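One letter stands for each residue in the lines below.
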Amino acid sequence: MQIHEAIAGLRAARAGAGRVALVPTMGNLHEGHIALMTQARSHADQVIATIFVNRLQFRPGEDFEKYPRTFAADCEKLAAAGVEHLFAPDEAQMYPQPQTYHIEPPPEQANILDGEFRPGHFRGVATVVMKLFQIAQPDVALFGKKDCQQLMVIRNMAREFNLPIEIVGGETVRAADGLALSSRNGYLSAAERAEAPRLFRVLTKVVEAVRAGSRDFPRLEQGVMLELQASGWAPDYVALRKKLDLQLPSAHDSGLVVLAAARLGSTRLIDNLEV
Ligand code: PAF
């Protein structure tokens, strides 16, 4: 695997690489990321992974500083997965001067759900992903479905800016007890890790209830909020939404997804399930 720290080096490598798949990450790679790398391989001749912890998408007081940086282990996993190129720039490479131009997703996509609790987050994500797209010029780019709202924002950005890039979602990879794999799971204490799969279980109950015909969405959401609170969680939201645009569904809509974000101790976990 070739490791590129400079944009020029990656561009030179990309020039002769045929059809290219890009998998942007912030590192601390787990099986979910590696599944994306494997999926990427089926779409392209060469796979470019990126590792960059993007300051722009973190708010003051969030975990930018303590976000796990495990570069050597990540490189081993990527090489074992057969990834040809890793782009791992430092901040000076990505932001040689303060970023004054931004991609501003529309408020109805960016200020709901996670965006309500992390103002500016999707602006930071969209801006860095646009930069990575310009740098790597991939034919296809892959993002995990666990970050459901992120995937929607990036899909819409690619469509509205006529980017010649196919955006592909990768299925969420779960531990045996259902917990969605996430770099932030590493923050959990042993007791919190044992409690954490509850998030998956309560979302599963919502899916089953909707499939069984329940259409009182606010009551279902409220029930899950209460159950999480009773088990020591601090939920930000539990929301049944339309899969396509994450807007509020009416009672007869199909194609739904249930999403949740909740804090367990100091760790904020997100998850979602398609109904
Ligand atoms: O999902 C992530 O890891 C990040 O939000 C991304 C897409 C790499 C942008 O920094």
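That block above? That's the structure.
Criteria and thresholds
Residues numbered from 1 in each chain as written. Predicted model: local features only at pLDDT ≥ 70, side-chain atom pairs only at ≥ 80, totals over all residues. Heavy atoms only, no water. Near = heavy atom within 4 Å. Polar contact = N/O pair within 3.5 Å; in protein donor to acceptor, adjacent residues only side chain to side chain. Areas by Shrake-Rupley, 256 points an atom, 1.4 Å probe, with all protein chains shown as cover. Helix = DSSP H or I, 4+ residues; strand = E, 2+ residues; numbered from the N terminus. Pairing = 2+ DSSP bridges. Axes fitted to C-alpha atoms, helices over the stretch in contact; angles between N-to-C directions. Contact = heavy atoms within 4.5 Å. Salt bridge = Lys/Arg side-chain N within 4 Å of Asp/Glu carboxyl O. Buried < 20%, exposed > 50% of the residue type's maximum accessible area, 1.4 Å probe, protein only.

Asker: When you look at the site of the ligand in this model, what are you seeing that I'm missing?
Answerer: Within the structure, the ligand sits among Pro24, Thr25, Met26, Asn54, Gln57, Val128, Phe143, Asp147 and Gln150. A distance of 2.6 Å is found between an oxygen atom of the ligand and a side-chain nitrogen or oxygen belonging to glutamine 57. Look at the ligand: alone it shows 290 Å² of surface, and the protein chains cover 89% of it.

Asker: Whenever I open this one, the environment of glutamate 171 confuses me. Can you help?
Answerer: Positionally, glutamate 171 belongs in the loop between strand S6 (166-170) and helix H9 (190-195). In sequence terms glutamate 171 and isoleucine 270 are 99 residues apart; their C-alpha atoms lie 15 Å from each other. A distance of 2.7 Å separates polar atoms of two side chains, one belonging to glutamate 171 and the other to lysine 145.

Asker: Can you walk me through the sheet that holds strand S4 (residues 85-87) in this structure?
Answerer: Hydrogen bonds between backbone groups are what pair the strands of a sheet, and the pairing can be parallel or antiparallel. In spatial order, the strands read S1-S4-S3-S2-S5-S6; together these six strands make up an open sheet with parallel pairing. Here the strands that pair on one side only, and so sit at the sheet edges, are strand S1 (2-4) and S6. Averaged over neighbouring strand pairs, the angle between their axes works out to 25 degrees when direction is ignored. Taken together, the three bridges between S1 and S4 define a ladder with parallel strand orientation. The partner of glutamine 2 across the bridge, within S4, is histidine 85.

Asker: Sorry if this is basic, but what is going on with the environment of aspartate 245 here?
Answerer: Here aspartate 245 is to be found in the loop between strand S7 (234-242) and strand S8 (256-264). Separated by 172 residues in sequence, aspartate 245 and alanine 73 place their C-alpha atoms 36 Å apart.

Asker: How do you make sense of the environment of valine 206 when you look at a structure like this?
Answerer: Summarising the element assignment, valine 206 is placed in helix H10 (residues 198-211). In this structure, the C-alpha to C-alpha distance between valine 206 and valine 257, residues 51 residues apart in sequence, is 9.8 Å. In this structure valine 206 touches Val224, Leu240 and Val258, once residues within four positions along its chain are discounted.

Asker: Explanation requested: the pattern of salt bridges in the structure shown.
Answerer: Should the charged atoms of two oppositely charged side chains come close, the side chains can pair. Applying the stated criterion across every chain yields a total of 18 salt bridges. Between glutamate 84 and arginine 41 there is a salt bridge, with the nearest N and O atoms lying 2.9 Å from each other. Here glutamate 84, found in the loop between helix H3 (71-80) and S4, pairs with arginine 41, found in helix H2 (residues 31-41); they are 43 residues apart in sequence, far enough to count as distant. Of the residues examined, glutamate 84 reaches a relative accessible area of 23% and is grouped as partly exposed. Residue arginine 41 is classed as partly exposed on the basis of its relative accessible area, which comes to 30%. Notably, a salt bridge pairs glutamate 171 with lysine 145, separated by 2.7 Å at the nearest N-O pair. In this pair, glutamate 171 is assigned in the loop between S6 and H9 and lysine 145 in the loop between strand S5 (140-144) and helix H8 (148-160), connecting sequence segments 26 residues apart. For glutamate 171, a relative accessible area of 57% corresponds to the exposed category. Overall, lysine 145 belongs to the partly exposed group, its relative accessible area being 22%. Each of Lys145, Glu171, Lys243 and Glu274 takes part in a single network of salt bridges with overlapping partners.

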